[in-house]
Structures are given as C-alpha cells and as structure tokens.
Amino acid sequence: MVRPVIAMPANLPPQYHEAEKRYRTARTIPEKLAALQEMMAVMPKHKGTDHLRAELRAKMARLMDELEHPSGPRGGRTHPFSIPKEGAGQAALVGPPNAGKSSILAALTGAPARVAPYPFATQVPQPGMARFEDVHIQLVDTPPLAEGRLEGRLFGLLRNADALLLVTDLGMDAVSQADGTIALLESWGIEPLGRGERPDPAHWQAQKPLVIVGNKADLDGALDEFQRLESAFGHRFPVVMVSAQEGVGLDDLTREAFRALGVIRVYTKPPGEEPKLDAPLVLPAGSTVEGAAESLHKSWRQRLKYALVWGSTKFPGQRVGRDYVLADRDIVELHG
Ligand SMILES: Nc1nc2c(ncn2[C@@H]2O[C@H](COP(=O)(O)OP(=O)(O)OP(=O)(O)O)[C@@H](O)[C@H]2O)c(=O)[nH]1
Ligand SMILES: [Mg+2]
C-alpha cells in the first residue's frame, strides 16, 4: 500500500527517533501504541509539529480500533475507554478471573460491583472511592486479564491509571497468577515498578507502580500460599494479604495503594490560625514549598518569600525556603 510521505519537522529530539525505531520494530499492537505514545510525549509542541501530531493520533486510533475489533476495523474511530480521575489518584484492580477484584472494590468503596462465583463476571470497568485516612483514592475494578482477551479500552485504562493493584487468589497458585499477570502486562508494554520506584514523567503511561494482593486469606492454606507470594515478590513489590469476604487487611491495602500513587498530603495554615486539617492539598511526592504555594494560587509564584513547616523539619515551625522538599502530612504556613 502506498502511504503519503509525511514531511518531518527538522527539530525532533533524539528520543523521538529512538521511539520511532521501536515503533517500526514493534511486533504487537500494544508495543506499537506504547512507542507512538512516547513519540507524542517527547515531540515539541508548536505549529511545525501539528501535522505529525495529527498523523500519530490517527495511527493510534486505528491501532486501538484493531485491538478492540481484532477481526478488522468496524465503523468509525474508537477512543480508548477512560474513567475520569477523582481524589488523590487512580489505582486499577487487575488480575486473573475470579480472584476477587470486584469483591475488593465492593468491600472498600461500596460501589455496586458485580461479584460472581464464576470467572469473567466483570465485563466493564467500574470505579469507586476508597477512604484512606483523610483522603479518597479512586479504585477501578476491571475485567479479568487473560491471554488473548486484551481489549483496547482496557489497555487504555491501564495506561492511564496511576497505580495497579494485582489481585491473586490465595486458594490457588497465587505466585503463578502474579507471574502470569506481570508477563501479560509486560507483553503489552507496561512495565511494573516496585516499592520506591517512580515512573519517568516522559514514560508514565508505560510504567506503573504495582502492589501485589493475596485475596481470600480466610481459606484453608491461604497463609502458606501468602508466604510463597511474599518470598517470590516481597523483595521488590509491596505484598498484602486480604480477605474481601471477611474485611481483613483492607486498611493495609489502601495504605499501600496510597503509597503507590506517589503523592503527599500537605495541610496549609494561615498565620495565627489553626491548620486546615480537614482539607489536605494532594501533591506529587517530591513537591517543594513553592509547588504547594503555586497549587493554591498562581500569584504565590511571585509573592512567596519563605514558609514555616511543621512535620518533616528538625524543629516544629521551622523557617524554610521555597525549595524545601515537603513530606506527607507536613503543615505549611506561607509567607509573602
Ligand atoms: N473465601 C473467599 N471468597 C472470596 C473472597 N473474595 C471474593 N471471593 C469469591 O470469589 C468469587 C469471585 O469474586 P469476584 O469478586 O467476582 O472476582 P473477580 O476477580 O472480580 O472476578 P472476574 O470479574 O470474573 O474477573 C466470588 O464467588 C466471591 O464470593 C474472599 O476474600 N474469600
Ligand atoms: Mg469482577
């Protein structure tokens, strides 16, 4: 087939050409999509790249369509399925059929998840809000991941999530379930990140902090199975044991989910007043006093002179500069 030649803007960064090489050698659609998404991410945004950007977007839409309808494109453009983010971040529950993803969503959020004693019960993603201390985390229940069943819209959803919670069934071989799911994610170009690893901002859609969950802790033999799971994965990933049915371990799960989101809570305090403890700012981990100030109002960019911080500082109410890196639960008093 003859394709029109796209005039290449001259000033593309080297990362673009690397990603393009990966695009050309990619064997699977998800690998192609991952490379295209990277090409878009590193491409400078100006008039000269508009045409190329539109071209790449059209390619991605075609590939998404192929993914959803493997028998060939039907009808018009398909957009990746997406669930608008809410709260401190979005964590998707993923894993093999029947492991208890929907049960965990229902137990933590009260969302009307479809729980059933047979596999492939969940057909469409379902969001719900789980409380962690004083913030909410958005959990998204997804259809099971299994070989040959990748849906384009599910792929899009996973790439958009901030973290993945891989649910396994402790009544079965949980280690192979986790291994199989990780291998599947990797074959789709999604790289799981371990404890303390943060996605590179240029590749965040392909790199996902992962928490491994052993569910059905109430079953006979579950503890032994959990120990196997922990020794196989605990050196790299957080591994938590829960029973959605008995409501056990769910607090640990939301804590690990919160950690995986890579955000911190910061409370502001007007001078001479009490801190606003009921309304934390949720900021990316590593944020500075300046970042916190700007997230409140952009006028702080000019005005900010220093801040007093309670929490991570050596002394309560210590005076710090704009570059001071805040920690989760810090209280900040801004001074202009
Ligand atoms: N014993 C026990 N059974 C559970 C637990 N959690 C879920 N189940 C059961 O496991 C089965 C599957 O639960 P679901 O929540 O539908 O599992 P799922 O992972 O969403 O399944 P799919 O949507 O098919 O992928 C149901 O019969 C649940 O009642 C648990 O903690 N303990
Ligand atoms: Mg389900």
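In the block above lies the structure referred to throughout.
Quick look at the structure, then. As the structure is a prediction and not an experimental result, all values here were calculated from the model.

**Looking at the packing of helix H6 (residues 174–187) against helix H7 (residues 222–233)**
Now for step 1: Contact geometry for H6 and H7: axes closest at 8 Å, N-to-C directions at 40°. The pairing of H6 with H7 is recorded here as oblique in orientation. Where H6 approaches H7, its residues Ala174, Val175 and Ala178 are matched on the opposing element by Glu225, Arg228, Leu229, Ala232 and Phe233.
Now for step 2: Split into classes, the residues belonging to the contact of H6 with H7 amount to six nonpolar, no polar and two charged.

**Observations concerning unusual backbone geometry**
Now for step 1: Backbone geometry places Glu133, a non-glycine residue, at a positive phi of 50°.
Now for step 2: Structurally, Glu133 can be placed in the loop between strand S2 (126–132) and strand S3 (135–141).
Now for step 3: With 12 C-beta atoms packed within 10 Å, Glu133 lands in the exposed category.
Now for step 4: Of note, Arg329 is a non-glycine position whose phi angle comes to about 80°, a positive value.
Now for step 5: You can see Arg329 is positioned in the loop between strand S11 (318–320) and strand S12 (330–335).
Now for step 6: According to the C-beta neighbour criterion, Arg329 is partly exposed, with 16 such atoms within 10 Å.

**Remarks on the nonpolar core**
Now for step 1: With 77 residues, the main nonpolar core has Ala91, Leu165 and Val211 as its most contacted residues.
Now for step 2: Sort the elements by how many residues they give to this core and helix H2 (residues 29–42) lands first, with six residues.
Now for step 3: If we skip the residues at most four places from it in the chain, Leu165 touches Ala91, Ala92, Leu93, Val94, Val211, Val213 and Ala257.

Cut-offs applied
- Residues numbered from 1 in each chain as written.
- Chains lettered and ligands numbered in written order.
- Predicted model: local features only at pLDDT ≥ 70, side-chain atom pairs only at ≥ 80, totals over all residues.
- Axes fitted to C-alpha atoms, helices over the stretch in contact; angles between N-to-C directions.
- Helix = DSSP H or I, 4+ residues; strand = E, 2+ residues; numbered from the N terminus.
- Parallel < 35°, antiparallel > 145°, perpendicular 65-115°, else oblique.
- Contact = placed C-beta atoms within 7 Å.
- Nonpolar A, V, L, I, M, F, W, Y, C, P; charged D, E, K, R; others polar.
- Buried ≥ 20, exposed ≤ 12 C-beta atoms within 10 Å, placed from the backbone.
- Core = buried A, V, L, I, M, F, W, Y, C linked by C-beta atoms within 7 Å.

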